[in-house]
Amino acid sequence: MRIALNLNVEVKDGTFVLTDCTGQTVTFAKDQTVQKKVSMIVLGELCGLPKEQLATSFGFKTRKSYYDCRNAVLKGTQEDLLPKRRGPHTPPKRTKDVEALIIRTRFETDLNLYEIADTLTQMGFSVSVRLVGQVLAHSGLSNPE
């Protein structure tokens, strides 16, 4: 069986739209990244469009993005298609409670920043000398060595 494809690929306001020659459309919302990647690779494998043009029409920036998606679709697992979390992967250690505890310890004692860090570590808080120094400097307190 032979199937001929004649599709118009557009991205409108973050929504991916495929339109065939009869006017029927299939849309994918911005958060449907898996379907968008699979559709891009299917079209890329079946037609001779330049990969960079194909990637940009699907909302990706480079030709490398196309090949990364291709590798994930054809050789990877389902998890490889899901978007990767960006940014820090651990919660911050500098919370409001830790800042308040550092400042209170500085006011209530004559400890220096090394001793404050040791004291808080013994209390179960994972703080470094650098973090204590940053909090004291940010609050305008002197941080005696």
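Analysis parameters
Sequence order as written defines the numbering, with residues in each chain counted from 1. Restriction of local features to residues with pLDDT of at least 70 applies here, the model being predicted, together with a cutoff of 80 or more for giving and counting side-chain atom pairs; totals for whole chains, interfaces and linings are based on all residues. By convention in this description, side-chain values take in all heavy atoms of the structure and omit both hydrogens and water. Going along the chain from the N terminus, every DSSP run of H or I of four or more residues is numbered as a helix, and every run of E of two or more is numbered as a strand. Exposure classes here rest on a 1.4 Å probe applied to the protein chains alone. A residue is buried below 20% of its type maximum, exposed above 50%, and partly exposed in between. Any pair of nitrogen or oxygen atoms within 3.5 Å is treated as a polar contact; in protein, a donor-acceptor pairing is required on top of that, and neighbouring residues in sequence qualify only through side-chain atoms on both sides. When checking whether two residues touch, look at their non-hydrogen atoms; a contact exists if any pair is within 4.5 Å. Note that the arc is defined by the directions from the helix axis to the C-beta atoms. Strand pairing follows a simple DSSP-based rule, namely that at least 2 bridges must link the two strands. Lines fitted to the C-alpha atoms define the axes, with helices restricted to the stretch that makes contact. Angles between their N-to-C directions range from 0 to 180 degrees. Small angles under 35 degrees read as roughly parallel and large ones over 145 as roughly antiparallel, with 65 to 115 read as roughly perpendicular and the rest as oblique. For this classification, the nonpolar set comprises Ala, Val, Leu, Ile, Met, Phe, Trp, Tyr, Cys and Pro, the charged set comprises Asp, Glu, Lys and Arg, and every other residue, Gly included, is treated as polar. Surface patches are drawn from residues lacking salt bridges whose relative accessible area is over 30%; two like charges belong together within 9 Å, two nonpolar side chains (Val, Leu, Ile, Met, Phe, Trp, Tyr) within 5 Å. Accessible areas in this description were obtained via Shrake-Rupley with a 1.4 Å probe; residue shielding takes into account the shown protein chains only. By definition, a salt bridge exists where a carboxyl oxygen of Asp or Glu is found within 4 Å of a side-chain nitrogen of Lys or Arg. Each helix should span, by expectation, one fewer than its residue count multiplied by 1.5 Å.

**Student:** Got a sec to walk through the side chain of E99? Specific residues and values, please.
**Tutor:** Along the chain, the position of E99 falls in helix α5 (residues 96-108). Judged by relative accessible area, which is 17%, E99 ranks as buried. Of the polar contacts made by the side chain of E99, one reaches the side chain of R94; its length is 2.6 Å. Those residues in contact with E99 that lie beyond four places of it in its chain are R94 and V135.

**Student:** Which residues make up helix α6 (residues 113-122), and what values do they have?
**Tutor:** Buried within α6 we find L113, I116, A117 and L120. Projected onto a plane normal to the axis of α6, the buried residues spread over an arc of 100° and lie on a single side. On the buried face of α6, the contacting elements are α5 and α7 (129-138). Sitting at the amino-terminal end of α6 is N112, which places a side-chain oxygen 3.1 Å from the backbone nitrogen of Y114. Immediately downstream of α6, the backbone of G124 shows phi near 105°, a positive value.

**Student:** Residues and numbers for the pairing of strand β3 (residues 25-28), please.
**Tutor:** For strand β2 (residues 15-20) and β3, the ladder comprises four bridges, and the chain directions are antiparallel. Its bridge partner being in β3, L18 is matched across the sheet by V26. Hairpin connection of β2 to β3: four residues between the antiparallel strands, including G23 at a positive phi of 100°.

**Student:** Residue-level account of the packing of α5 against α7, with values.
**Tutor:** Orientation of α5 relative to α7, taken along the N-to-C sense of each, is 80°, at an axis distance of 10 Å. On the basis of their axis angle, the class for α5 and α7 is roughly perpendicular. Counted together, V98, E99, I102, I103 and R106 of α5 and L131, V132, V135 and L136 of α7 form the full contact between these two elements. Taken together, the residues of the contact of α5 with α7 sort by class into seven nonpolar, no polar and two charged.

**Student:** Quick rundown of a nonpolar patch on the surface? Include the residues and the values.
**Tutor:** A contiguous nonpolar surface patch, about 250 Å² in accessible area, is contributed by V38, V42 and L46. Mapped onto the secondary structure, V42 falls in helix α1 (residues 33-46).

**Student:** Summarise the pattern of salt bridges; cite the residues concerned and give the values.
**Tutor:** In total, this model carries three salt bridges according to the counting rule given. In this structure, E99 and R94 form a salt bridge, with 2.6 Å as the shortest nitrogen-oxygen distance. Residue class for R94 comes out partly exposed when judged on its relative accessible area of 30%.

**Student:** So what about helix α3 (residues 63-75)? Which residues, and what values?
**Tutor:** Taking 1.5 Å per residue as the helical rise, α3 with its 13 residues ought to reach 18 Å, and the 18 Å between its terminal C-alpha atoms agrees with that figure. The complete set of buried residues in α3 reads S65, Y66, C69 and A72. For α3, the arc enclosing every buried residue in end-on projection is 130°, short of the 170-degree limit, so these residues lie on one face. Exposed and oriented more than 90 degrees from the buried face of α3 are K64 and K75. The elements touched by buried residues of α3 are α1, α2 (51-57) and α4 (78-81).

**Student:** How would you summarise the environment of E115 if you had to cite specific residues and measurements?
**Tutor:** One can find E115 in helix α6. Classification of E115 as partly exposed rests on a relative accessible area of 37%. Remark: the alpha-carbon pair of E115 and Q53, spanning 62 residues in sequence, is separated by 59 Å.

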